[in-house]
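Single-letter residue listing:
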Amino acid sequence: MPPKFRFTREEIIQAALDLTREGGTAAVTARGLGERLGSSAKPIFGLFRNMEEVEQEVLRAANLLYQSYIQEEMAGAKYPPYKASGMAYIRFAREERELFKLLFMRDRSKEKQEKDTSEIEELLALIRKNTGLSEEEAYLFHMEMWVYVHGIATMIATSYLEWDIEFVSRVLTDGYEGLKCRYGKIGETVSESGMQSAEEA
């Protein structure tokens, strides 16, 4: 008969996620998990092959939480969809600083880097619709905007900036409108599904 474990995989993953939130990735150790669960490390290795597997599950759980931020921001309709994605990214950085660092500030040098636009196709479609840019231009536009948003988010996550949400909204609009000018689309009207114009912000 297989051993009966005191904890489920989900409970261990949640404990590891909570440890990450409180102390960053360095806090997620077998001993730390055991202490959080009021147990030894043995149950962990009965359900996971090693700590690397636990770390991968924490990464997955953190990403699911981040995706929920995007869905919530878009569903809230406070901002047009493209802007909402940037606001969600920055809000996640503010409210879940250690999880943001795990997802977006970890060492990626050993990961295979490929140009995969499948995860941002919806955003690229919004850019093309609202600016008239080609597919390639829309990709470059998004990458420039994303670097801008990422810079703000990382400075907030590391407590370098303490901007309120209204100021963040204004700054994102300014960045978006500036890029529109850069790509030669001055004077175009932004539709409701795109970033707000400076006057609307």
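Just above sits the structure.
In this text, all values refer to a predicted model and were calculated from it rather than measured experimentally. (Residues numbered from 1 in each chain as written. Predicted model: local features only at pLDDT ≥ 70, side-chain atom pairs only at ≥ 80, totals over all residues. Heavy atoms only, no water.)

**Student:** A description of the packing of helix α7 (residues 121-131) against helix α8 (residues 135-157) should follow, citing residues and the corresponding values.
**Tutor:** At their nearest, the axes of α7 and α8 sit 9 Å apart, and the two run at 110 degrees to each other. The orientation of α7 relative to α8 falls into the category roughly perpendicular. Each of Leu-123, Leu-124, Ile-127 and Arg-128 in α7 lies in contact with α8, whose residues at this interface are Glu-135, Ala-138, Tyr-139, Phe-141 and His-142. (Axes fitted to C-alpha atoms, helices over the stretch in contact; angles between N-to-C directions. Helix = DSSP H or I, 4+ residues; strand = E, 2+ residues; numbered from the N terminus. Parallel < 35°, antiparallel > 145°, perpendicular 65-115°, else oblique. Contact = heavy atoms within 4.5 Å.)

**Student:** Can you explain helix α2 (residues 30-37)? Please cite residues and give values.
**Tutor:** By the burial criterion, the buried members of α2 are Ala-30, Gly-32, Leu-33, Gly-34 and Leu-37. For α2, the secondary structure elements touched by its buried residues are α1 (9-23), α3 (42-47) and α4 (51-76). After α2 finishes, the residue Gly-38 shows a positive phi value of roughly 70 degrees. (Buried < 20%, exposed > 50% of the residue type's maximum accessible area, 1.4 Å probe, protein only.)

**Student:** Please set out the environment of Tyr-79 residue by residue, giving values where relevant.
**Tutor:** Considering the arrangement of structural elements, one finds Tyr-79 in the loop between α4 and α5 (81-95). Owing to a relative accessible area of 9%, Tyr-79 belongs among the buried residues under this scheme. The sequence separation of Tyr-79 and Ser-169 amounts to 90 residues, and the corresponding C-alpha distance is 8.9 Å.

**Student:** Please give an account of the packing of aromatic side chains that cites residues and values.
**Tutor:** Tallying each qualifying case throughout the model produces 12 aromatic pairs. Seen from their ring centres, Tyr-82 and Tyr-176 are 6.0 Å apart, and the 50 degrees between their planes marks the pair as tilted. Residue Tyr-82 is located in helix α5, and its partner Tyr-176 is located in helix α9 (residues 165-182); the two are separated by 94 residues in the primary sequence. Side by side, Tyr-82 and Tyr-176 carry an identical accessibility label, which is buried. With a centroid separation of 5.2 Å and an interplanar angle of 50 degrees, the aromatic rings of Phe-100 and Phe-104 are classed as tilted. You can see Phe-100 and its partner Phe-104 sitting in helix α6 (residues 97-104), 4 residues apart, about one turn around the helix. Its end group placed over the ring of Tyr-183, Arg-182 keeps NZ or CZ at 5.4 Å from the ring centre. (Phe/Tyr/Trp six-rings, centres within 6.5 Å; stacked < 30°, edge-to-face > 60°. Lys NZ or Arg CZ within 6 Å of the ring centre and 35° of its normal.)

**Student:** Go over unusual backbone geometry, please, and point to the residues and values.
**Tutor:** Located in the positive-phi region is Ala-77, a residue other than glycine, with phi close to 60 degrees. Phi is positive for Ser-159, which is not a glycine, with a value near 65 degrees. Relative to the assigned elements, Ser-159 resides in the loop between α8 and α9.

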